[in-house]
Amino acid sequence: MERKRIKRALVSVYHKDKLDEIILKLHAEGVEFISTGGTQTFIESLNIPCKSVEDLTGYPSILGGRVKTLHPKVFGGILSRRELNEDKTQLSQYEIPEIDLVIVDLYPFEATVAAGADALTIIEKIDIGGISLIRAAAKNFRDVAIVASQNQYEPLLDIISENGANTTLEERFWLAKEAFSVSSHYDSAIFNYFDGGEESAFRMSENDATILRYGENPHQRGIFYGKFDEMFEQLQGKEISYNNLLDIDAAVNLINDFEDITFAILKHNNACGIASRPVLVDAWKDALAGDPVSAFGGVLITNAVIDKETAIEMNKIFFEVVIAPDYDLDALEILSQKKNRIILILKDVKIKTKQYRSLLNGVLVQDKDTHTETAEELKVVTDKTPTNQEIEDLLFANKIVKHSKSNAIVLAKNLQMCASGIGQTSRVDALEQAIEKAGSFQFDLNGAVMASDAFFPFPDCVQIAADAGITAVVQPGGSIKDQDSIDACNKNEISMVTTGFRHFKH
């Protein structure tokens, strides 16, 4: 395989960690260096000669450092096509040296925005020379190698450690691909800053790709783009799958709505059991009681540190994933007995506020449903007012139904989900499914409450709920036939509250 020799390198970087190894190896191979400012000082501190860009171009750095490398003597040396005699003639005519390797990174624009800097500081972090060098070197990958970020330091070091200052076309092509990934991500971040949330165009960029075993089904390819390790610490377990990720996402979104000690069990993105209790082991037992059959192979999540007593009870069933803010050591010893079990610590990180879905020939974007109703937002619309306990249960059930697939009904009592009906084509079917399921696990629905993710178009659900013993209902309201449902509640001495917030989930 043909290799091209690196004779001259242009190095101008913001991040200098681990750069010294590369510079020293290249110097040992006889490579000459051209650099700017702090990078030149860094190279010379290694006792390695380095020519300044100013000496090459005959121009100083001007406009407060805004213009340093933007010059034909720099870009001509990068973009010249080595096989074309015309290019060689022009390089000779204008005394432009060939540049075979460019190592450059970009000002930290995203980090500056994230730090809350003022507008002037942010604008000054828009890199001009660096992005131009990246594009030029990547375009001319047939002759030039480009290292566009710290992430490529190690691959370059591997190349030159194995083969000296020589690169193959395949290696340069890969480096160019990585460089365009850097530049496109950088430009997307700048656009989104200037767009200011108007969303005039869809520009989303995630650099970190994890190839999954497969997608939703074995015949589908699956990839996760994102920094999973920033959000979770995986203590043990097998490789996380596409379906695991969907369940983990649903679990985190659900548990984030609860402040009291709560345990939830999820299956196929829906809660099959959840309870809030002062003691964690009781929360676990009552969550499991909600549907001990569906809990098999589920994803478990809690907002409290898992202790030994709870771990002993949890370990009695098979589950794939457990998520908690932390674990006592003796609890971890118990839970880690199953080596394939995925054990995650959920870190305190911000959740994205947008949701994206590809469909048809485009992308659908919406604000995430982050609203959680409070007692103050509940509007009593019936003659009967719910008791304090019913208010607590209504808010509890409403949080669950918000995270359940529509059409959805949730039945709850004493801060425990008794059952749910989810993903049904009619609200009546959802309610009847929930009532039947509650009965199959011996729940007494007398005094229970009902939450609906959308309004009741007809009063039939109220009558069915009343016949089952349900005494309080929460729903968004807003139907032109709301009064029919209110009248049915009054007739059956059921209290009803409305929230004004619908929580469809598809």
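Refer to the structure printed above.
A short tour of the structure in this document, coming up. (Residues numbered from 1 in each chain as written. Predicted model: local features only at pLDDT ≥ 70, side-chain atom pairs only at ≥ 80, totals over all residues. Heavy atoms only, no water.)

## A few points about a negative patch on the surface
Then comes step 1: Side chains of D229, E233, D326, D328, D330 and E333 sit close together on the surface and give a patch of like negative charge.
Then comes step 2: With respect to the helices and strands, E333 occurs in helix α15 (residues 329-335). (Patch = residues over 30% accessible without salt bridge, like charges linked within 9 Å, V, L, I, M, F, W, Y side chains within 5 Å. Areas by Shrake-Rupley, 256 points an atom, 1.4 Å probe, with all protein chains shown as cover. Salt bridge = Lys/Arg side-chain N within 4 Å of Asp/Glu carboxyl O. Lys, Arg positive; Asp, Glu negative; His and termini not counted. Charge placed at Lys NZ, Arg CZ, Asp CG, Glu CD. Helix = DSSP H or I, 4+ residues; strand = E, 2+ residues; numbered from the N terminus.)

## Some words on the sheet that holds strand β3 (residues 32-35)
Then comes step 1: Strand order in the open sheet formed by five strands is β4-β3-β2-β5-β6, with parallel pairing between adjacent strands. Whereas interior strands pair on both sides, the edge strands pair on one side only; in this sheet they are β4 (51-52) and β6 (145-147). (Pairing = 2+ DSSP bridges.)

## Some thoughts on the packing of helix α1 (residues 19-28) against helix α9 (residues 153-163)
Then comes step 1: Running from amino to carboxyl end, α1 crosses α9 at an angle of 25°, the nearest separation of the two axes being 10 Å. Relative to α9, the element α1 lies roughly parallel. Considering the relative orientation of α1 and α9, their crossing is left-handed. Residues L19, E21, I22, K25 and L26 of α1 form the contact with α9, whose participating residues are Y153, L156, L157, I160 and S161.
Then comes step 2: A breakdown of the residues in the contact of α1 with α9 according to their chemical character gives seven nonpolar, one polar and two charged. (Axes fitted to C-alpha atoms, helices over the stretch in contact; angles between N-to-C directions. Parallel < 35°, antiparallel > 145°, perpendicular 65-115°, else oblique. Left-handed = near helix turned anticlockwise from the far one by under 90°. Contact = heavy atoms within 4.5 Å. Nonpolar A, V, L, I, M, F, W, Y, C, P; charged D, E, K, R; others polar.)

## Things to note about the layout of surface pockets
Then comes step 1: The space that makes up the second largest pocket amounts to roughly 470 Å³.
Then comes step 2: Taken together, 27 residues form the lining of the second largest pocket, with G65, K68, Y107, D127 and G129 sitting closest to its centre.
Then comes step 3: Elements that contribute at least two residues to the lining of the second largest pocket include exactly α2 (37-45), α7 (119-124) and α8 (129-139).
Then comes step 4: Per-element tally for the lining of the second largest pocket: the top contributor is α8, with three residues.
Then comes step 5: Its residues placed into classes, the lining of the second largest pocket shows eleven nonpolar, nine polar and seven charged. (1 Å grid on protein atoms, 1.4 Å probe; cavity = no way out; pocket = protein on both sides within 12 Å on 5 of 7 lines; lining within 4 Å. Points joined across faces, edges and corners; volume = space filled by probe spheres on them.)

## Details of the nonpolar core
Then comes step 1: By size, the foremost hydrophobic cluster in this structure holds 55 residues, and its most contacted members are V11, F33, I78, L101, V102, I103 and I146.
Then comes step 2: The biggest single contributor to this core is helix α10 (residues 169-195), with seven residues.
Then comes step 3: Apart from the residues within four sequence positions on either side, L101 is in contact with I6, R8, A9, L10, L26, V144, A145, V147 and L156.
Then comes step 4: L212, L394, V449 and V497 belong to the second largest nonpolar core, which has 41 residues in total. (Core = buried A, V, L, I, M, F, W, Y, C linked by side-chain atoms within 4.5 Å. Buried < 20%, exposed > 50% of the residue type's maximum accessible area, 1.4 Å probe, protein only.)

## Digging into empty space enclosed by the protein
Then comes step 1: Within this structure, the stated rule accounts for one cavity of 30 Å³ or more.
Then comes step 2: In this structure, the largest cavity spans a volume of roughly 30 Å³.
Then comes step 3: Along the walls of the largest cavity sit K4, R5, I6, D100, D143, V144, A145, T167 and R172, which together make up its complete lining.
Then comes step 4: Grouping the constituent residues of the lining of the largest cavity by class yields three nonpolar, one polar and five charged.

## Observations concerning the environment of N85
Then comes step 1: Position of N85 among the secondary structure elements: in helix α5 (residues 85-93).
Then comes step 2: The spatial distance from the C-alpha of N85 to the C-alpha of N151 is 36 Å, given a sequence separation of 66 residues.

## Re the pattern of salt bridges
Opposite charge on two side chains permits them to pair, given that their charged atoms come into close proximity.
Then comes step 1: Taken as a whole and judged by the stated rule, the model has 20 salt bridges.
Then comes step 2: We note a salt bridge from K354 to E199, for which the minimum N-O separation is 3.4 Å. In this pair, K354 sits in strand β16 (residues 354-359) while E199 sits in the loop between α10 and β8 (209-211), placing the two residues 155 residues apart along the sequence.
Then comes step 3: Across the pair D453 and R427 runs a salt bridge, and its minimum N-O distance is 2.4 Å. On the criterion of sequence distance, the pair formed by D453 in the loop between β21 (449-452) and α18 (460-468) and R427 in helix α17 (residues 427-440) is long-range, its members being 26 residues apart.
Then comes step 4: Where salt bridges share partners, they join K7, R82, E98 and D100 into one cluster.

## Some points on the pairing of strand β2 (residues 8-12)
Then comes step 1: Counted residue by residue, β2 has five buried out of five residues, so it is predominantly covered.
Then comes step 2: Side chains R8, L10 and S12 of β2 all project onto a buried face; the interleaved residues A9 and V11 project onto the opposite face, where all are buried too.
Then comes step 3: One crossover worth recording links β2 to the parallel β3 by way of α1, and it is right-handed.
Then comes step 4: As paired strands, β2 and strand β5 (residues 101-104) are joined by four bridges and run parallel to one another. (Right-handed = clockwise from strand over helix to strand, strands pointing away.)

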